[in-house]
Amino acid sequence: MRRALLLATIMVCAGALILGGAVVPVQAKTTFVTIGTGGITGVYYPTGGAICKIVNNKRDQYGIRCTVESTGGSVFNINAVLAGDLEFGIAQSDRQYQAIKGEAEWQDKGPQQDLRAVFSIHPEAITLVAAEDAGIKSVQDLKGKRVNIGNPGSGQRQNSIDVLEAFGIDWEKDLQAEQVKAAEAPSLLQDGRIDAFFYTVGHPSGAIKEAAAGRRKVRIVPITGPEVDNLLKKYPYYAKAVIPIEFYPDTGTEDIQTVGVKATFVTSAKVPEDVVYAIVKEVFDNLEEFKKLHPAYSVLTRENMLEGLSAPFHPGALKYYKEVGLMK
Ligand code: GLU
């Protein structure tokens, strides 16, 4: 609970206020909350910013001061929320599922029972970006190449491994896997130090635009075929997804078929109900304004923001959903 102090309410007793001759003590209360996001060229970082913007608009009403932190991604965020180092985090739906069930990174620790769902956000697509001169047209072509699968702590690292495995590629033997942060991958690709990288991200994303804007021509490689059908049968949290090519016109002319998950907003059972309630209420009551903050939110509805969650809902979120009739 390193940062517990930050959530701890800070009482600002700025002495006293003289009102019509009477002395009234002022006790303005500020509650600090931090949202763990991802790399600054991803979509989590602006998403944390969008949530904070909406919530901080009502600072006078709730006394909540919301800030964002750039982090290593989903797995880092879930663990930081559970440790009490962050109050909120953005995490892929598949990672939320694994944490609550005690799978993947949580296999040794077991089910993470304090994890709570708040709402889900934009769709994220497993995005495979490759240099054209590397001759990579399909996942199979990654054999023997230098490929960034993502840093430990990221959501995408396991997605990259799952996709490679589905195509019969052993990431430890059949290619040279790099494990750096997604924010570093575009320049490594442009500098010729890697041939391709995976990034599970919403679109449009700054990282993919950056990769596509350099001198070395890149393409987004489809992740499709019978191998993918098997992948979808094996894991409940993957679904087919499409990356609109209009966001990256320099990379090709056709939309890209791939596999995706959802970004979700998570917290811990230890975070107070009124704080979670206030954040949910502000985001949902101002959803149209929120949706203008990033093109990836265009598909969001109040209803679909309650889908794709596997952890129990936080009571503060439940209170709002019941109040407005989104839940019984
Ligand atoms: N999906 C990525 C992860 O969990 C982060 C994507 C982003 O930052 O937009 O690590």
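Above this text you will find the structure in question.
Residues numbered from 1 in each chain as written. Predicted model: local features only at pLDDT ≥ 70, side-chain atom pairs only at ≥ 80, totals over all residues. Heavy atoms only, no water.

Enquirer: Sorry, what's going on with the overall build of the chain here?
Expert: The number of helices and strands found in the chain is 12 helices and 13 strands. Against the globule reference of 20 Å for 328 residues, the chain gives a C-alpha radius of gyration of 21 Å, in line with a compact fold. Principal-axis analysis of the C-alpha atoms places the extent of the chain at approximately 80 × 40 × 35 Å. The burial tally for the chain puts 53% of its 328 residues in the buried class. Counting contacts in the chain only where the partners sit at least 6 residues apart, residues at least 24 apart contribute 72% of the total. Surface exposure of the chain reaches about 14300 Å², of which carbon and sulfur atoms provide 51%. (Helix = DSSP H or I, 4+ residues; strand = E, 2+ residues; numbered from the N terminus. Rg over C-alpha atoms; globule rule 2.2 N^0.38 Å. Buried < 20%, exposed > 50% of the residue type's maximum accessible area, 1.4 Å probe, protein only. Contact = heavy atoms within 4.5 Å. Areas by Shrake-Rupley, 256 points an atom, 1.4 Å probe, with all protein chains shown as cover.)

Enquirer: Explanation requested: the state of the cysteines in the structure shown.
Expert: Linking two cysteines covalently through their sulfur atoms gives a disulfide. In total, this model carries 1 disulfide according to the counting rule given. Between the sulfur of C52 and that of C66 lies a disulfide, 2.0 Å long from S to S. As the torsion about the S-S bond is roughly -60°, the C52-C66 disulfide counts as left-handed. Of this pair, C52 sits in helix α2 (residues 44–56) while C66 sits in strand β5 (residues 64–69), and the two are 14 residues apart along the sequence. (Disulfide = S-S within 2.5 Å.)

Enquirer: For this particular structure, what's the right way to read the pairing of strand β10 (residues 196–201)?
Expert: Burial analysis of β10 places 6 of its 6 residues in the buried class, which makes it a mostly covered element. Residues of β10 alternate between two faces, with A196, F198 and T200 on one and F197, Y199 and V201 on the opposite face, all of them buried. Pairing between strand β7 (residues 115–131) and β10: 6 bridges, direction antiparallel. Pairing of A125 across the sheet is with V201, part of β10. Bridge count for strand β8 (residues 146–148) against β10 is 2 bridges, and the pairing is parallel. Bridge assignment links V147 to a residue of β10, and that residue is A196. (Pairing = 2+ DSSP bridges.)

Enquirer: So what exactly am I meant to see when it comes to the site of the ligand here?
Expert: The ligand sits among 14 residues. The nearest are V43, S74, Q92, G155 and T200. Here E124 contributes a side-chain N or O atom positioned 2.8 Å from a nitrogen atom of the ligand. At a separation of 3.1 Å, an oxygen atom of the ligand approaches a polar side-chain atom of Q156. (Near = heavy atom within 4 Å. Polar contact = N/O pair within 3.5 Å; in protein donor to acceptor, adjacent residues only side chain to side chain.)

Enquirer: Can you walk me through the packing of aromatic side chains in this structure?
Expert: Each aromatic ring pair is summarised here by two numbers: the centre-to-centre distance and the angle between the ring planes. With the rule as written, the count across this model stands at 14 aromatic pairs. Arranged with centres 5.7 Å apart and planes meeting at 25°, the rings of Y235 and Y237 form a pair that is stacked. Classification of Y235 by relative accessible area gives buried; the value is 17%. Ring centres 5.1 Å apart and planes at 75° place the aromatic pair Y237 and Y238 in the edge-to-face group. (Phe/Tyr/Trp six-rings, centres within 6.5 Å; stacked < 30°, edge-to-face > 60°.)

Enquirer: Looking at this structure, how should I read the environment of R157?
Expert: Note that R157 resides in helix α6 (residues 156–166). Here R157 falls in the buried class, since its relative accessible area comes to 15%. In this structure the C-alpha to C-alpha distance between R157 and Q179, which are 22 residues apart in sequence, comes to 7.9 Å. Here R157 is in contact with I149, G150, N151, P152, W171 and Q179, once residues within four sequence places are set aside.

Enquirer: For this particular structure, what's the right way to read α6?
Expert: An α-helix turns once per 3.6 residues; consequently, residues spaced three or four apart project the same way. Taking burial as the measure, the 11 residues of α6 include 9 buried ones, the bulk of the element. When α6 is considered as a whole, its buried residues turn out to be Q156, R157, Q158, N159, S160, I161, D162, V163 and L164. Contacts made by the buried residues of α6 are with β6 (88–92), α5 (93–101), β7, β10 and α9 (226–234).

Enquirer: Please clarify how the side chain of S74 should be interpreted in this entry.
Expert: In this fold, S74 is placed in helix α4 (residues 74–82). Side-chain polar atoms of S74 contact the side chain of Y44, separated by 3.4 Å. Leave out the neighbours within four places in its chain, and S74 touches Y44, I90, A91, Q92, R95, G153, S154 and G155.

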